[in-house]
Amino acid sequence: MKLPIFLAYKTILRGNKGSLSLTIFILLAVFLNLLFIDSIFAGIAKTMDDGKINYQYGEVIIEPKEDEKYIKNANEFVNEINDFYYVKSVTSRIRSGATFFNDKNNDGRDVAKFGGAGGVIGIDAENDNKSIDIKSTVFEGRYLKKNEIGSAIIGADAAGGYGSSPFPRDLEGVLVGDTIEVEYYNGISREYKIVGIFKTKNFDVDSALIVTKKELNSVLGTTGEASEIIVRLNDRSLSKKAVSDFESVQDAGYEISDWDEKLEFGRSINKSFDMIGGILRIIGSIVAGLVIFIIIFVDILNRRKQIGIMKAIGVPQIYITNSYLIRGMFYTSVGMILGYLCMEYCVIAYFEKNPIDFPMGWMVPYIKIESLKMSIILFTIAGFVGSFLPTIREVRKKILDLMR
Amino acid sequence: MKKNILKVEKLVKTYKIDSPSPILALRGVDFTCQEGEFVGLMGRSGSGKSTFLHQLALLDVPTSGYIELAGVDVSKLSQKKRAVFRLKTLGYVFQDYALIPELNLYENIALPMMALKVSKSKYHLEIVEIIRRVGLEGRENNLPSELSGGEQQRVSIARAIINKPKILFADEPTANLDVESATVIMELMRELVDKYNQTIIIVTHEQDDEKYLDRVVHLTDGKFF
Ligand SMILES: Nc1ncnc2c1ncn2[C@@H]1O[C@H](COP(=O)(O)OP(=O)(O)O)[C@@H](O)[C@H]1O
Ligand SMILES: [Mg+2]
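Notes on the structure follow. What you see is a predicted model, and the numbers here were worked out from it, not measured in a lab.

1. Section: the overall build of chain B
Item 1. The number of helices and strands found in chain B is six helices and 10 strands.
Item 2. Its C-alpha atoms give chain B a radius of gyration of 17 Å, near enough to 17 Å, the size a compact globule of 225 residues would have.
Item 3. C-alpha atoms of chain B, sized along the principal axes, occupy 50 × 45 × 40 Å.
Item 4. Out of the 225 residues belonging to chain B, those deemed buried represent 55%.
Item 5. Within chain B, contacts between residues at least 6 apart in sequence are counted, and of these 73% link residues at least 24 apart.

2. Description of the side chain of Glu68 of chain B
All names here are of chain B.
Item 1. Within the secondary structure, Glu68 is located in strand β4 (residues 64-69).
Item 2. For the buried Glu68, no salt bridge exists, and the shortest N-O distance to an oppositely charged side chain is 4.2 Å, to Lys7.
Item 3. At a separation of 2.6 Å, a polar atom in the side chain of Glu68 contacts the side chain of Tyr66.
Item 4. If we skip the residues at most four places from it in the chain, Glu68 touches Ile5, Leu6, Lys7 and Asp73.

3. Notes on the sheet that holds strand β9 (residues 215-220) of chain B
Residue and element names in this part refer to chain B.
Item 1. Spatial strand order, β6-β7-β8-β3-β9-β10: six strands in an open sheet with mixed pairing. Single-partner strands in this sheet number two, and they are β6 (90-93) and β10 (223-224).
Item 2. Bridge count between β6 and strand β7 (residues 167-171): four bridges; the pairing is parallel. Note on β7: the bridge partner recorded for Gly91 is Leu168.
Item 3. In this fold helix α1 (residues 49-56) packs onto β3 (38-42), β6, β7, β8 (199-203), β9 and β10, with an angle of close to 155° to the strand it touches most, β7.

4. Side note on a nonpolar patch on the surface
Residue and element names in this part refer to chain A.
Item 1. Nonpolar side chains collect at one region of the surface, where Ile377, Ile381, Phe384, Val385, Phe388 and Leu389 lie side by side and expose about 510 Å² of accessible area between them.
Item 2. Its place among the elements puts Leu389 in helix α13 (residues 369-395).
Item 3. Accessibility expressed as a relative area gives 42% for Leu389, which makes it partly exposed.

5. Re the site of ligand 1
Item 1. Taken together, Arg404 of chain A together with Tyr15, Ile23, Ala25, Arg44, Ser45, Gly46, Ser47, Gly48, Lys49, Ser50 and Thr51 of chain B make up all the residues around ligand 1.
Item 2. Here Arg404 of chain A contributes a side-chain N or O atom positioned 3.5 Å from a nitrogen atom of ligand 1.
Item 3. Side-chain polar atom of Ser50 of chain B to an oxygen atom of ligand 1: 2.8 Å apart, as the coordinates give it.
Item 4. Looking at the shell around ligand 1, the elements that each hand over two or more residues are β2 (23-34) and α1 of chain B.
Item 5. By residue number, the principal contributor to the shell around ligand 1 is α1 of chain B, which donates three residues.

6. Describing helix α5 (residues 149-161) of chain B
Item 1. Under the 1.5 Å per step criterion, the end-to-end length of α5 of chain B is 19 Å for 13 residues, consistent within 8% with the ideal 18 Å.
Item 2. Most of α5 of chain B is tucked away: 12 of the 13 residues are buried.
Item 3. Among the residues making up α5 of chain B, those that are buried are Gly150, Glu151, Gln152, Gln153, Arg154, Val155, Ser156, Ile157, Ala158, Arg159, Ala160 and Ile161 of chain B.
Item 4. For α5 of chain B, the secondary structure elements touched by its buried residues are α11 (304-313) of chain A together with β6, α3 (105-115), α4 (120-133), β7 and α6 (179-196) of chain B.

7. Some details on the packing of α3 of chain B against α4 of chain B
Helix-helix packing is characterised by the crossing angle of the two axes and by the distance between the axes.
All names here are of chain B.
Item 1. Remark: α3 packs on α4, axes separated minimally by 10 Å, with the N-to-C direction vectors making an angle of 130°. Classified by the angle their axes make, α3 and α4 are oblique. Taken as a pair, α3 and α4 cross one another with a handedness that is right-handed. Judged by residue contacts, Leu105, Tyr106, Ile109, Ala110, Met113 and Met114 of α3 engage Lys120, Tyr123, His124, Glu126, Ile127 and Ile131 from α4.

Definitions and limits used
- Every chain's residues receive numbers from 1 upward, in the order its sequence appears when written.
- Whichever chain is written first becomes A and whichever ligand is written first becomes 1, with later ones labelled in order.
- Reporting of local features is limited, given that this is a predicted model, to residues whose pLDDT is at least 70; pairs of side-chain atoms are given and counted only at 80 or more, and all residues count toward the totals for whole chains, interfaces and linings.
- Excluded from the side-chain calculation are hydrogens and water; included are all heavy atoms of the structure.
- For the purposes of this entry, the term helix denotes a DSSP run of H or I that reaches at least four residues, the term strand denotes a run of E that reaches at least two, and both are numbered from the N terminus.
- Based on C-alpha atoms, the radius of gyration is set beside the globule rule, defined as 2.2 Å times the residue count to the power 0.38.
- Each residue's exposure class comes from its accessible area (1.4 Å probe, protein chains only) as a fraction of the maximum for that residue type: buried when under 20%, exposed when over 50%, partly exposed otherwise.
- For this analysis, residues touch if any pair of their heavy atoms sits within 4.5 Å.
- Neither His nor the chain ends contribute to the count of charged residues, in which Lys and Arg are positive and Asp and Glu negative.
- Just to be clear on terms, a salt bridge is a Lys or Arg side-chain nitrogen sitting within 4 Å of an Asp or Glu carboxyl oxygen.
- Definition of a polar contact: a pair of N or O atoms within 3.5 Å, with one able to donate and the other able to accept a hydrogen when the atoms are protein atoms, and with sequence-neighbouring residues admitted only if both atoms are side-chain atoms.
- Strand pairing is assigned whenever DSSP identifies at least 2 bridges connecting the two strands.
- Every angle, taken between N-to-C directions, lies between 0 and 180 degrees, and every axis is a line fitted to C-alpha atoms, over only the stretch in contact when it is a helix.
- Residues enter a patch when their relative accessible area is above 30% and they make no salt bridge; the linking distance is 9 Å between like charges and 5 Å between nonpolar side chains (Val, Leu, Ile, Met, Phe, Trp, Tyr).
- Each accessible area is a Shrake-Rupley estimate made with a 1.4 Å probe; only the visible protein chains count as cover when residues are assessed.
- When at least one non-hydrogen atom of a residue lies within 4 Å of a molecule or strand, that residue is treated as near it.
- How far a helix is expected to stretch is found by multiplying one less than its residue total by 1.5 Å.
- Each angle receives one of four descriptions, namely roughly parallel if under 35 degrees, roughly antiparallel if over 145, roughly perpendicular if within 65 to 115, and oblique otherwise.
- In this scheme the handedness of a crossing depends on how the near helix is turned from the far one: anticlockwise by less than a right angle means left-handed, clockwise means right-handed.

What follows is the structure in structure tokens.
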């Protein structure tokens with residue numbers, strides 16, 4: 001193996017730098033393209049997952065059993081699960097279904113009505129933010145204050161007039177300072193002054209009204225109960241373990257699910273994304289294989305004479321073939337490495353600063369480890385085949401034909 | 001009594017054998033050469049000199065005929081064995097030097113040694129000695145593009161003899177060179193014959209070269225006269 005490595009090394013080192021750069025640049029671009037297509041799909045899928053996890057479910061969510069209305073010993077339970085090393089933060093919330101009314105001219109006419117999915121969420125305004133960061137998504141007005149009574153913040157989809165929304169109707173433009181009326185499912189009605197408007201791009205959340213727990217407790221007559229306990233973990237991949245750990249806490253008797261189970265809907269979209277991504281990756285790899293083939297083919301055509309010289313001297317064919325294979329694999333791997341670095345430190349870095357505005361969130365291309373592995377494997381195979389076929393084709397030719 | 005190191009009988013080479021007008025480049029050539037002999041092959045352009053040398057040096061396969069090199073009937077050798085035979089037993093010098101452009105002088109000469117998996121510690125001194133013999137001391141790190149034609153041809157000769165071949169072939173090695181460089185090359189080859197008993201078969205069209213040669217054979221239309 002020494003001679004092939006030596007020959008590959010010297011011919012690369014002392015060969016034409018221009019064509020070397022061009023070759024590597026083309027391979028870089030092909031690999032970058034392969035990664036990019038994939039990362040867009042992965043990015044969209046991740047954006048959807050992130051939107052659900054960050055604003056709605058956390059990594060683990062605890063809910064009452066189906067036949068029960070609330071989690072009874074919520075505070076106690078929160079304290080227990082807070083002790084697990086992988087738990088970053090926990091928040092318990094109370095919720096109620098409700099219909100919102102916006103009497104735009106304060107005259108009892110033209111009242112806009114909204115009964116979307118979100119309902120009313122009662123939060124601990126001091127701590128909820130550590131788990132579910134609604135605060136930074138408030139784009140008009142302010143966030144709620146601790147134990148504030150009579151005030152609410154409203155999601156952009158419910159408020160209306162703040163960009164596209166999946167709901168056919170809304171409150172037709174609620175502004176900070178407006179007062180809206182909320183009719184709870186238990187029949188009680190309250191008026192709230194809107195102090196802030198938020199937009200998470202998760203429509204389940206953006207269709208909600210958020211008040212303090214104290215406010216909602218007074219409506220529902222609850223004290224320490226919770227409708228949901230949202231748990232944030234240090235590591236998303238520990239969610240399954242967390243679920244089983246939490247289930248054994250004082251025989252919980254609650255409905256405990258992780259984000260993975262909660263994202264059933266997203267999953268089916270992700271699957272079709274994965275499939276499209278996979279198809280594009282295969283096409284990309286075939287194109288990559290052809291490009292590598294052509295690049296190396298041209299490279300080898302330019303080196304026919306050298307192949308002839310080496311054959312004439314009596315250098316065994318396998319050494320000659322191997323030296324060109326090493327050459328080709330060198331181009332391929334340098335192209336891959338540079339393509340990856342370019343993706344990570346140029347493309348992704350750029351999109352991190354300038355994320356794409358998608359309806360379901362801000363999208364940043366994302367490289368999945370499995371896709372990266374798959375791309376590397378496919379590209380390597382393409383590089384190998386692309387180097388091997390033209391090499392073997394030339395090396396087998398007659399010496400005198402090569403020398404001409 | 002010197003022994004024959006090369007024996008050729010009824011050697012035929014026909015190009016485009018399946019075409020309506022095949023080219024009969026060699027029409028049944030008989031030839032022998034003794035060990036330590038410096039033989040010149042002369043003849044008009046197109047008379048088949050290169051074709052003849054290619055068959056002898058195993059760079060091509062003859063249409064028919066018998067070739068024996070250093071006691072071996074080479075027609076019986078496989079493709080692989082022919083390569084090994086070229087590497088170990090034969091040396092070939094091309095008219096256009098045929099050096100690897102990315103390898104420096106030293107590396108070009110070392111190439112056959114490396115192909116034989118000889119370790120550098122073993123071949124280093126031999127290469128130093130050969131570089132001295134061809135008069136290129138101090139130029140070890142030069143690339144072929146940094147050498148004159150005459151110097152490149154000396155590197156090519158050094159590479160051809162580094163494995164101590166039984167027979168050295170050279171196809172018009174001085175054709176691209178000026179008179180002085182050509183003289184150096186011819187003197188170098190004569191010295192190889194005199195000092196090291198090297199067998200050399202050379203194609204030349206220079207009448208003047210006859211003074212270096214032990215014997216001259218003339219090829220006309222693919223036959224000796
Ligand atoms: N590869 C080839 N294909 C067809 N004809 C060839 C080939 N090589 C040589 N010839 C022909 O064979 C004859 C002898 O050529 P060559 O051996 O090169 O002559 P020389 O070296 O004496 O000038 C010429 O007629 C030449 O055109
Ligand atoms: Mg010729």
